[in-house]
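# Per-entry structural report
Listed here are the chains, written in short residue letters.
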Amino acid sequence: MRLKGKTVLVTAAGQGIGRASVIALAAEGARVIATDIRADLLVGLDGIETRVLDVTDAAAIQAIAADLGQIDGLFNCAGMVANGSLLDLTDQDWDASLALNVTSMMRLTRALLPGMLARAETTGTAAILNMASMASSIKGFTNRTAYGATKAAVIGLTKAIAADFVKQGIRCNALCPGTVDTPSLRGRIASAADPVQAEKDFIARQPMGRLATVEDIVPMVVYLLSDESRFVSGQALLVDGGVTI
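All values derive from a computational prediction rather than experimental measurement.

Interaxial distance between helix 1 (residues 16–27) and helix 7 (residues 214–225) falls to 9 Å at its minimum, and their mutual angle equals 55 degrees. With respect to helix 7, the axis of helix 1 lies oblique. Read as a crossing pair, helix 1 and helix 7 show a hand that is right-handed. Contacts from G16, I17, A20, S21, A24 and L25 in helix 1 reach V214, I217, V218, V221, V222 and L225 in helix 7. The class makeup of the residues in the contact of helix 1 with helix 7 is 10 nonpolar, two polar and no charged.

Set out below in structure tokens:
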């Protein structure tokens, strides 16, 4: 029970990595607040506190922060993938990517940080985990201009938060997965001109010869939000199946 007595908020908890993470965190003893913009996706998370939250809504962020007060952990998991090169990129996709992938993360962290600082005064540590990607400042991928740029910004934001608050017990890290088999990925594959080839292409870029599963990613989530990682901060940790070797 590595997270017994800790309260952790998770965004985009309705499916994929977010949902698997809240189940794993709860199994380790945490009180988990699982949030998602869609209430229907939160159904079935038995024994886990669920709340509808649009992370792009600044007022909703302030409200949930005021209600929760002090927490021990935050997993900023919400994000989107805009497909296309710079010449394909619309202003709308760019703005939406910034709003969801970066600005919402900054606002939620900023709102919850005072309570986390207060909690760290008592326990000695509190942890923030931001969802980044191997497609970021770490490695460039075709047709990922907005996604790669915003995930690079997530890594920069992570390091800035870590540097500012390391002496006050706050740890902040970024998780950088490879290609994970999630509903989001399946949606992108289905929307491709040739879905069969699209799936083959995603698998081909993974040296291990397969897509990651959420079970490949979740152990790192638990580790980075637990006290086992108490000496880890400001890092962009790759779980990418060897893509960036």
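Moving on from the coordinates now.
Turning our eyes to something else, we now look at the packing of helix 3 (residues 91–123) against helix 4 (residues 145–165). Packed helices, taken two at a time, are described by the angle between their axes plus the distance between the axes. One way to put it is that helix 3 packs onto helix 4 with a least axis distance of 9 Å and a crossing angle of 15 degrees. In terms of their interaxial angle, helix 3 and helix 4 are classed as roughly parallel. Remark: the crossing between helix 3 and helix 4 carries right-handed chirality. Residues W94, S97, L98, N101, V102, M105, M106, T109, L113 and L117 of helix 3 form the contact with helix 4, whose participating residues are T145, A146, Y147, A149, T150, K151, A153, V154, L157, I161 and F165.

Another aspect to go through is the sheet that holds strand 6 (residues 170–177). Spatially, the seven strands line up as an open sheet ordered 3-2-1-4-5-6-7, and their pairing is parallel. Strand pairing shows two members of the sheet lacking a second neighbour, strand 3 (49–52) and strand 7 (236–239), which therefore form its edges. On average, adjacent strands in this sheet sit at an angle of 20 degrees to one another, irrespective of strand direction. Here four bridges tie strand 6 to strand 7, and the two strands are oriented parallel to one another. Residue L175 lies in a different strand from strand 7, and its bridge partner there is L237. Across the sheet, helix 7 lies against strand 1 (7–10), strand 4 (73–76), strand 5 (126–131), strand 6 and strand 7, angled at about 170 degrees from strand 6, the strand it touches most.

Secondary-structure assignment places L42 in the loop between strand 2 (31–36) and strand 3. Taking the relative accessible area as the measure of exposure, L42 reaches 6% and is therefore buried. L42 sits 24 residues away from G18 along the chain, and the two C-alpha atoms are 11 Å apart. When neighbours within four sequence positions are excluded, L42 is seen to be in contact with A13, G14, R19, A34, T35, D36, T50, R51 and V52.

Attention now moves to the pattern of salt bridges. In this structure the tally under the stated criterion is 11 salt bridges. For R186, the salt bridge identified is with D181, shortest N-O distance 2.9 Å. Of the residues examined, R186 reaches a relative accessible area of 31% and is grouped as partly exposed. Given a relative accessible area of 32%, D181 falls into the partly exposed group. Beyond isolated ion pairs, a larger network of salt bridges with shared partners links R31, E49, R51 and D67.

Our next topic: the packing of aromatic side chains. Enumeration according to the criterion identifies zero aromatic pairs in this entry. The ring of F141 is capped by K139, whose NZ or CZ atom sits 5.6 Å from the centre of that ring.

As a further point, take the pairing of strand 6. In terms of burial, strand 6 is a largely internal element, eight of the eight residues being buried. Along strand 6, one buried face is formed by I170, C172, A174 and C176 and the opposite face, lined by R171, N173, L175 and P177, is buried too. The pairing of strand 5 with strand 6 spans six bridges and is classified as parallel. Bridge assignment links A127 to a residue of strand 6, and that residue is R171. With helix 4 bridging strand 5 and its parallel neighbour strand 6, the resulting β-α-β unit is right-handed.

Averaged over all residues, the pLDDT of the chain is 97; the fraction at 70 or higher stands at 100%. Taken element by element, the predicted model of the chain shows its lowest mean pLDDT in helix 5 (residues 183–190) (91) and its highest in strand 4 (99).

This next bit is on the side chain of E28. Locating E28 in the fold gives a position in the loop between helix 1 and strand 2. What makes E28 buried here is its relative accessible area of 18%. What E28 contacts, discounting residues up to four positions off in sequence, is M1, R2, L3, K4 and V222.

Rolled over the atoms, a probe as big as a water molecule pinpoints where empty space is left. Under the definition given, this model contains two cavities of 30 Å³ or more. Space inside the largest cavity adds up to approximately 40 Å³. Looking at the lining of the largest cavity residue by residue, the classes come out as six nonpolar, three polar and no charged. Taken as a whole, the second largest cavity encloses approximately 30 Å³ of empty space. For the second largest cavity, the full set of lining residues is K6, D72, T125, A126, A127, R171, L225 and D227. Partitioning the lining of the second largest cavity into residue classes produces three nonpolar, one polar and four charged.

Cut-off values and rules
- Residues numbered from 1 in each chain as written.
- Predicted model: local features only at pLDDT ≥ 70, side-chain atom pairs only at ≥ 80, totals over all residues.
- Heavy atoms only, no water.
- Axes fitted to C-alpha atoms, helices over the stretch in contact; angles between N-to-C directions.
- Helix = DSSP H or I, 4+ residues; strand = E, 2+ residues; numbered from the N terminus.
- Parallel < 35°, antiparallel > 145°, perpendicular 65-115°, else oblique.
- Left-handed = near helix turned anticlockwise from the far one by under 90°.
- Contact = heavy atoms within 4.5 Å.
- Nonpolar A, V, L, I, M, F, W, Y, C, P; charged D, E, K, R; others polar.
- Pairing = 2+ DSSP bridges.
- Buried < 20%, exposed > 50% of the residue type's maximum accessible area, 1.4 Å probe, protein only.
- Salt bridge = Lys/Arg side-chain N within 4 Å of Asp/Glu carboxyl O.
- Phe/Tyr/Trp six-rings, centres within 6.5 Å; stacked < 30°, edge-to-face > 60°.
- Lys NZ or Arg CZ within 6 Å of the ring centre and 35° of its normal.
- Right-handed = clockwise from strand over helix to strand, strands pointing away.
- pLDDT = per-residue confidence, 0-100.
- 1 Å grid on protein atoms, 1.4 Å probe; cavity = no way out; pocket = protein on both sides within 12 Å on 5 of 7 lines; lining within 4 Å.
- Points joined across faces, edges and corners; volume = space filled by probe spheres on them.

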